[in-house]
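# Breakdown of the fold
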Amino acid sequence: MSESESTRKNFPDWENLYKSQSVETMPWYNERFDFDLERELDQREIIANGKKILDLGTGPATQAIWLVKRGFNVIGSDLSEAAINRARKVYASEKTVNFIVDNILNTKLKSNEFDYIFDRGCFHVLSPRDRKEYINKVKRILKDNGILFLKCFSDKEPNN
Ligand SMILES: C[S@@+](CC[C@H](N)C(=O)[O-])C[C@H]1O[C@@H](n2cnc3c(N)ncnc32)[C@H](O)[C@@H]1O
């Protein structure tokens, strides 16, 4: 077994998961604004001013909606069509968010599109062998001097 195979986690089938389980029961579900992101935005004095941010691997889309409330122009992307269909339905009244089905490893998003990218848990669930491609794609879709807020890994899961 190669090193990357031996360090791979058990990845859920995201589409089946979002089809079969309510998002509120998922361990990453968080109705509140992510405290690390909130602190970063405040400490760096980032004023949204309609700037464009991608909530990468948006899933339940709770963070995308907090970013809308902060004044960002938000795109929420996810591999799972079921997750995106749900988010479109639940947040249909939000006018400054768009939800799209997109695999970051094969993204159709335009180059230099985003001022910011927030990723809470997507990089975290990628196979180690896909991490380099993730970085390439994120670099392509971020504007020059754009910022990636990456939330991943935990000392409770030391094998990442
Ligand atoms: C741990 S969940 C986090 C969801 C959300 N960011 C949150 O904080 O509630 C990881 C999410 O990444 C999505 N995902 C996994 N691989 C992906 C990929 N290659 N491209 C886009 N999304 C992906 C999954 O469908 C899932 O919704």
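Residues numbered from 1 in each chain as written. Predicted model: local features only at pLDDT ≥ 70, side-chain atom pairs only at ≥ 80, totals over all residues. Heavy atoms only, no water.

### So, the nonpolar core
Put simply, the rule is: By convention a nonpolar core is built from buried Ala, Val, Leu, Ile, Met, Phe, Trp, Tyr and Cys residues, the set being connected through side-chain atoms within 4.5 Å. Only protein chains enter the calculation, and the probe is 1.4 Å; a residue is then buried if its accessible area is under 20% of its type maximum, exposed if over 50%, and partly exposed in between. By the criteria applied, helices consist of DSSP H or I runs no shorter than four residues and strands consist of E runs no shorter than two, each listed in order from the N terminus. Should any heavy atoms of two residues lie within 4.5 Å, those residues are counted as being in contact.
Counting 21 residues, the largest nonpolar core has L41, L67, F72, V74 and F99 as its most contacted members. Only α3 (35–43), α4 (62–69), α5 (81–90), β3 (97–101) and β4 (114–120) provide two or more residues apiece to this core. Of all the elements, α4 adds the most residues to this core, at 4 residues. Leaving out residues up to four positions away in the same chain, F72 has contacts with L41, I46, A48, K51, I53, L67, T96 and Y116.

### Some thoughts on the environment of D102
Within the secondary structure, D102 sits in the loop between β3 and β4. A relative accessible area of 7% means that D102 is categorised as buried. Placed 57 residues apart in sequence, D102 and E45 show a C-alpha to C-alpha distance of 30 Å. Sequence-distant contacts of D102, that is, excluding residues within four places in its chain, are made with S77, D78, L79, T107, K108 and L109.

By themselves, these are just geometric observations and shouldn't be taken as functional.
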